[in-house]
Amino acid sequence: MLSKKTLMITIISALCLVSLAGAEEGKSESKIELIPVYEKTFDDTIVDVIFDTTTVSIEEAKRMGWKPAAFTTKEIERGKASIWYPKIVLLGKGFKISRNPHENMEQISEIRFLKRNGKLLKRIAATPWKEKIIYSKSGRYILQARVPSEYEPENQGAILYKNDGTILWQKNELKFVDVSDYGYTIATYPVFEAEPTEGHIIIDQAGQVVKKITNPLKDKSVGYSAARFSPCGNYIVIGYSDMWQHSYVILTTRMGHIVWQQELNYSTWTPNECAIEPGIGVFGILKELGIDNYGKEVLKGVYTYFIDWNGSLRWCVPINTKTSISIEVDTVAKTVYVVPSSGYIYCIKISDGEVIWMHQEKWAPVGIPVNADLLRNVPLFAEAQIDDKHVYIIGRNMDKHASTLFIFDKASGKALLTAEFSVSTLRFLKTPNNFIGILNIDKKNISLTKLGEVLR
């Protein structure tokens, strides 16, 4: 049996082969091997990394940080391997990392473009809180977007870069919110203090306006709006809400053609808490609000919803939380995983909304609304991702400045690993294949591991 201290050291810091038998109470008896394949440490504090791929000799790959376990038999025979390397690194103040990804995008102080040998190609300064850095799904395009506020309403516009640092265009108006792998961007008209926006503007790679989408709720007294490209970049999901009991979810093509528009009698933060799967549909969160006996607004319920690709609302499933939520979709198993930060996981069947399994941490509070005091000094679920067999979660305990890595069996919900890292802020990295990519911001370290055999 490995102690908690051993767990904290092995997985990332030492990157030794880890065999974890969950002999502690509440842990699985299964055995997991986390096999290190890559590691790199930086001189500065980085908060995100964008990878690119190249083919190099095995010896050069090892000098770049890749380990023997990374190479296939064929690659060893050829003496060459296709590997990933940090092409762009984003610097910032890591100790302020939030569970809200939008806040994280606003904390970046510098963008560095690197050669494959790690040498600096170009650096671009950014102003935390006054600018946010947004990159497309595969990192082909980088958007340096200014963040207007009621105190600086003129702080508008953005610069669009290719992933080698080349400037494509620069604008001095609008608030930009997303960029796709086609180089298309979405912007909105700046509003403040929960005012409804007029709508959204789609702009192409050349900086030309493609289409304007009008907010159906623009005449309401208050409002919320957000927009996001689908992972493939061919579609856009836009959400508008009056922040009470009236919302719209709109699906358009990247050229602005409206595929469908769904009106909902709920409040929603779509697409900020949302997953978009072309050909399947949109998954998000609805909030049911009401008035108590004292005339005060109260939260009556929270639901996960599924709107299919034809625009039909197929189901709403109640979930036991009002906290921030991650949503991951398995298109092969036809399931969706809803992960509130309050310590729950819901595995839901896409076809009919059946909850296949639910996991609840011992510290997870019960009921809505959640007492904030119950969420102190616990590893709140901050990030989630899935592969073909597992659900991976990073929990962050902001009170202890610690992070926890959780691994669950995707089919059953069985906990396979829980490992705590003291004085560490962890983030998942977007990585290739089934590698688990983790950034340890405090250690200035990135690592890729692969999961070994699970022995029953």
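Shown above is the structure to which this text applies.
First things first, this report covers the structure right here in the doc.

Calculation rules
Residues numbered from 1 in each chain as written. Predicted model: local features only at pLDDT ≥ 70, side-chain atom pairs only at ≥ 80, totals over all residues. Heavy atoms only, no water. Helix = DSSP H or I, 4+ residues; strand = E, 2+ residues; numbered from the N terminus. Buried < 20%, exposed > 50% of the residue type's maximum accessible area, 1.4 Å probe, protein only. Contact = heavy atoms within 4.5 Å. Areas by Shrake-Rupley, 256 points an atom, 1.4 Å probe, with all protein chains shown as cover. Pairing = 2+ DSSP bridges. Axes fitted to C-alpha atoms, helices over the stretch in contact; angles between N-to-C directions. Core = buried A, V, L, I, M, F, W, Y, C linked by side-chain atoms within 4.5 Å. Salt bridge = Lys/Arg side-chain N within 4 Å of Asp/Glu carboxyl O.

**Here's the deal with the overall build of the protein**
Next, step 1: Secondary structure summary: the protein contains four helices and 34 strands in total.
Next, step 2: Counting every position in the protein, which comprises 456 residues, the buried fraction comes to 55%.
Next, step 3: Taking the contacts inside the protein whose residues are at least 6 apart along the sequence as the reference set, 46% of them involve residues at least 24 apart.
Next, step 4: In the structure as shown, the protein presents an accessible area of about 20,300 Å², 48% of it carried by carbon and sulfur atoms.

**Structural notes on the sheet that holds strand 12 (residues 185–188)**
Next, step 1: An order of 11-12-13-14 is seen for the four strands of this open sheet, with the pairing classed as antiparallel. The sheet is open, and its two edges are formed by strand 11 (175–179) and strand 14 (209–214), each paired on a single side. Taken pair by pair, the neighbouring strands of this sheet meet at an average axis angle of 25°, ignoring direction.
Next, step 2: Bridging between strand 11 and strand 12 involves four bridges; their strand directions are antiparallel. Bridged to Lys175 within strand 12 is Thr188.

**Regarding the pairing of strand 14**
Next, step 1: Where strand 13 (residues 199–203) meets strand 14, five bridges bridge the pair, whose relative direction is antiparallel. Paired with Ile202 across the bridge in strand 14 is Lys211.
Next, step 2: The turn linking strand 13 back onto strand 14 is made up of five residues, and Gly207 within it adopts a positive phi angle of 90°.

**Some remarks on the nonpolar core**
Burial of nonpolar side chains together is a common tendency in soluble globular proteins.
Next, step 1: One finds Trp66, Ile83, Ile142 and Ile446 to be the most contacted residues of the largest nonpolar core, which totals 39 residues.
Next, step 2: Broken down by secondary-structure element, the contributors of at least two residues to this core are strand 2 (31–41), strand 3 (46–57), helix 2 (58–63), strand 4 (80–92), strand 5 (108–114), strand 7 (131–135), strand 9 (158–162) and strand 34 (445–451).
Next, step 3: In terms of residue count, strand 4 provides more of this core than any other element does, seven residues in total.
Next, step 4: Sequence-distant contacts of Ile83, defined by excluding residues within four places in its chain, comprise Asp52, Thr53, Thr54, Val56, Ala61, Met64, Trp66 and Phe71.
Next, step 5: Membership of the second largest hydrophobic core comes to 20 residues, among which are Ile285, Leu299, Val302 and Tyr346.

**Some points on the pattern of salt bridges**
Next, step 1: Under the definition given, this model contains 13 salt bridges.
Next, step 2: One salt bridge in this structure joins Asp330 and Lys410, with 2.4 Å as the shortest N-O distance. One end of the pair, Asp330, is in strand 24 (residues 325–330); the other, Lys410, is in the loop between strand 30 (402–409) and strand 31 (415–422), with 80 residues separating them in the sequence.
Next, step 3: With relative accessibility at 5%, the residue Lys410 sits in the buried group.
Next, step 4: Its salt-bridge partner being Arg427, residue Glu383 comes within 3.5 Å of it at the nearest N-O pair. One end of the pair, Glu383, is in strand 28 (residues 380–386); the other, Arg427, is in strand 32 (residues 426–428), and 44 residues separate them in sequence.
Next, step 5: In this structure Arg427 comes out as buried when scored by relative accessible area, which is 13%.
Next, step 6: Taken together, the salt bridges that share partners define one network made up of Asp44, Glu110, Arg112 and Arg123.

Worth remembering: the numbers are spatial, not functional.
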